[in-house]
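Spelled out, the chains give:
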Amino acid sequence: GHDRQPHLLATMIRALAAFALLASASAFMTARPGAAAARSSALKMGFETEIGAQPPLGFWDPLGLLKEADQERFDRLRYVEVKHGRIAQLAILGHL
């Protein structure tokens, strides 16, 4: 009944805090062995000089959306990303 709700909420908060701690700790992990090869193949595509490709990651395409892409596909994805970012900013502004 009602006696278990505070205990359940505390357990959920602890689990969420532990998950957030683990997620933030993963930012400090070293790259896996195949990551350098994946990064070098991504640099061969010619997008490494685009705005947003910055150290330490350089050009970062973790989902491989641009694996066989041309400049037109890159420009389309960049446009859609900016558009969705602006919509998200307006949504937050509307929420405030």
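Fair warning: this is a prediction, and the values are worked out from it, not measured in the lab. (Residues numbered from 1 in each chain as written. Predicted model: local features only at pLDDT ≥ 70, side-chain atom pairs only at ≥ 80, totals over all residues. Heavy atoms only, no water.)

Counting residues in hydrophobic clusters, the biggest one holds five residues: Phe47, Phe59, Leu66, Ala69 and Phe74. If near-sequence neighbours (up to four positions away) are discounted, Phe74 is found in contact with Phe47, Glu50, Phe59 and Leu66. (Core = buried A, V, L, I, M, F, W, Y, C linked by side-chain atoms within 4.5 Å. Buried < 20%, exposed > 50% of the residue type's maximum accessible area, 1.4 Å probe, protein only. Contact = heavy atoms within 4.5 Å.)

Next up on the list: the packing of aromatic side chains. The description of two aromatic rings rests on the distance between their centres and on the angle between their planes. This model, assessed by the stated rule, comprises two aromatic pairs. Aromatic pair Phe47 and Phe59: ring centres 5.7 Å apart, planes at 40°, arrangement tilted. Note that Phe47 is positioned in the loop between helix H2 (35-43) and helix H3 (71-95) and Phe59 in the loop between H2 and H3, a separation of 12 residues in sequence. Overall, the relative accessible area of 9% leaves Phe59 in the buried class. Summarising the aromatic geometry, the rings of Phe47 and Phe74 are spaced 4.5 Å apart at their centres and angled 10° between planes, so their arrangement reads as stacked. With a gap of 27 residues between them, Phe47 in the loop between H2 and H3 and Phe74 in helix H3 connect regions that are remote in the sequence. Judged by relative accessible area, which is 2%, Phe47 ranks as buried. Its relative accessible area of 6% is what places Phe74 among the buried residues. These aromatic residues form a ring-pair network of at least three members: Phe47, Phe59 and Phe74. (Phe/Tyr/Trp six-rings, centres within 6.5 Å; stacked < 30°, edge-to-face > 60°. Helix = DSSP H or I, 4+ residues; strand = E, 2+ residues; numbered from the N terminus.)

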